[in-house]
Amino acid sequence: MAEQPQEMEMFTVRNRAALEEFENNDRRPAFMLTMTELKLLGIAGVGFFLDAYDLFIINPVATMLQFRLYDGKSLPNNLQGFLKAGTNIGSVIGQFAFGYAADALGRKAVYGKELMLIMLGTILTMTTPTGSLSPDACLIYLGCFRILLGIGIGGDYPMSASVTSDRANLRKRGTMLAYIFSNQGWGNFVGSLATIIVLACYRHVMDVEGKTSKVDGVWRIVIGISLVPAAATLYQRLTLPESTRYKASRRLGHSEQGNELDDIAKLKMEQRAQEEKEEREQKRLAEDQVKDGGAESTPGSEGSRASSLAHEKQDVQVRVKEEEVVAEVRAPSHFKEFLQYFSEWEHFKILFATCACWFLLDIAFYGINLNQNVVLEEIGFAGKTGTPWQKLFNISVGGMIITALGFVPGYYATVLTIEYLGRKWIQIQGFLLAALFLAVIAGKFDTLSHVEFIVCFAFLQFFFNFGANATTYCYPAEVFPTKFKATAHGLSAACGKAGAIISALVFNTLTSSIGTPNVLWIFFACCIVGAAISLLLPEVKGRDPDQVLAEEIRQKKLAAAQNAARQ
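Residues numbered from 1 in each chain as written. Predicted model: local features only at pLDDT ≥ 70, side-chain atom pairs only at ≥ 80, totals over all residues. Heavy atoms only, no water.

### Quick word on the packing of helix α2 (residues 35–56) against helix α7 (residues 135–167)
At a minimum axis separation of 9 Å, α2 and α7 run at an interaxial angle of 150 degrees. Put simply, α2 runs roughly antiparallel to α7. When the axes of α2 and α7 are compared, the crossing they make is left-handed. Packed against α2, whose contacting residues are Leu40, Ala44, Gly47, Phe48, Leu50, Asp51, Asp54 and Leu55, the element α7 presents Arg146, Leu149, Ile153, Asp156, Tyr157, Ser160, Val163, Thr164 and Arg167 at the interface. Here the residues of the contact of α2 with α7 sort into 9 nonpolar, 3 polar and 5 charged. (Axes fitted to C-alpha atoms, helices over the stretch in contact; angles between N-to-C directions. Helix = DSSP H or I, 4+ residues; strand = E, 2+ residues; numbered from the N terminus. Parallel < 35°, antiparallel > 145°, perpendicular 65-115°, else oblique. Left-handed = near helix turned anticlockwise from the far one by under 90°. Contact = heavy atoms within 4.5 Å. Nonpolar A, V, L, I, M, F, W, Y, C, P; charged D, E, K, R; others polar.)

Here it is, written out as structure tokens:
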């Protein structure tokens, strides 16, 4: 039995060494994923696919509702703003609530529940009784259940980010997060494609027979399609086991193969315990020999014994301090502890930066993408001429063109370069180049040709996504310790959605009062300020936030001990 701990220790060391050797010698690019990583990508990525699909599908759906409820006239400005902002309003609630629950209750206990809310919200929005309620009441009904849908979508942000970050190794962590977030681009693209296909199926009844009211079936089918990937992923989410890193952050004494923090702490404590045991045994043998020889203790031997006891006491104190550090790193996260941690400026400035950058980005990003009518006019797909069916079809084609121009390419530029360029560089250059193209469009709004406008808008979308739109999602999942990660990510994402709500509610009113170019200059200012605030963030490439937290705790305990010694 005495040899069992040593055998376990040797087994753990060998496996850790093999794992580290594999990671160090693995020369494959970070974007080449294993089957396990692909499975995780499929489970977590569907949330962001649905996020973009359900969020941006409201643009063509709102146009369809014009023909179903208002005889082709525009929706009332206030109700249109509420309809487009509803999902984002719910997202703010879901992001913070699910983020805190994930830290307090565990990822496994919560993961999958947000997807169930998404499915429920989708089904309820499809039941909007357009035939029995007034047009305005229909929009209110639809908007309210899109808030419920948004709670589920918002909950997916901190949940998928934490689940992925907990499982990814440091060399690929940013790539995995970028891959998952890139599903937003595909969600937007597939949303436009699905609308085109369903409209094509309804062409005869709407365009030839003139039954425009049949558009009621089109928007319900388009919204309902999102239930397919959600239902296909629900079981995997509900049965996904808890991550080793999260379990290690919750309690002392839990050690599993592959968790570096657990292994190092356990090995150090076992090594010190073994050394202490051997030292006591040697002292006992020496004392027995002295007694057997009838020798008396000498001052020198007494001094040696006192020195040994002092060394033993010091070693025990060091071991206890190490245990205290690991215990503090792994202590369950509570809201009071969260507030205490972020009451320190060095931590608060990072949280402030992740929140502020996401807020400023989403004002500009959603201000552009939730109000694409201006862009569609410029590229000739505004849907202002032809039959109702032709107008709707042209708008959908235009939406797909906009997505293909910069959305998807920008995301994959981030995926391919994030582990080489770093998150901070990508975020700052993305903010600055997005500001540049916003300035060109705003300054030359009335003089740009169609081709020039399309080129500038494509680059704008590209640098939104090869920039802050991707990194503002990655940063909170990589910079904060495991015990606070989901809560901090949810808070940062909620600030972002607050910016999106502002854009959705005031864009139309502000555009009519000060003009589109001046609104674009506001977006320009948001990007410039976002780039400046990004300077507060550390580079997180290869950075383990749990090790950083452990080192901070050690330094604080050392400083406290030194102060006590001086007193």
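Read on for the rest.
### What about the side chain of Lys497?
Considering the arrangement of structural elements, one finds Lys497 in helix α23 (residues 482–514). Of the side chains bearing the opposite charge, Asp51 lies closest to the buried Lys497, which forms no salt bridge; the N-O distance is 4.3 Å. Lys497 has contacts with Asp51, Leu55, Asn88, Ser91, Val92, Gln95, Tyr157, Asp362 and Tyr366, leaving out every residue within four places of it along the chain. (Buried < 20%, exposed > 50% of the residue type's maximum accessible area, 1.4 Å probe, protein only. Lys, Arg positive; Asp, Glu negative; His and termini not counted. Salt bridge = Lys/Arg side-chain N within 4 Å of Asp/Glu carboxyl O.)

### Examining helix α25 (residues 545–566)
Taking 1.5 Å of rise per residue, 22 residues should cover 32 Å, and α25 covers 32 Å from first to last C-alpha, within 8% of that figure. Within α25, the full set of buried residues consists of Pro545, Asp546, Leu549, Ala550, Glu552 and Ile553. Angularly, the buried residues of α25 cover 160 degrees about the axis, an arc narrow enough to put them on a single face. Along α25, the residues that are exposed and aim more than 90 degrees away from the buried face are Ala565 and Arg566. Backbone nitrogen of Asp546 and a side-chain oxygen of the N-cap are separated by 3.0 Å at the start of α25; the cap is Asp544. (Expected span 1.5 Å × (residues − 1). Arc of directions from axis to C-beta. Polar contact = N/O pair within 3.5 Å; in protein donor to acceptor, adjacent residues only side chain to side chain.)

### Concerning unusual backbone geometry
Positive phi, close to 55 degrees, is recorded for Asp71, a residue that is not glycine. Take Asp71: it is sitting in the loop between α3 (58–69) and α4 (77–105).

### Focus on the nonpolar core
Formed by 134 residues in total, the largest nonpolar core has its most connected members in Tyr157, Leu460, Phe464, Tyr473 and Phe523. The leading source of residues in this core is helix α17 (residues 345–369), at 14 residues. Sequence-distant contacts of Tyr157, defined by excluding residues within four places in its chain, comprise Phe48, Asp51, Gln95, Phe181, Gln184, Trp358, Tyr366, Tyr473, His489, Ala493 and Lys497. (Core = buried A, V, L, I, M, F, W, Y, C linked by side-chain atoms within 4.5 Å.)

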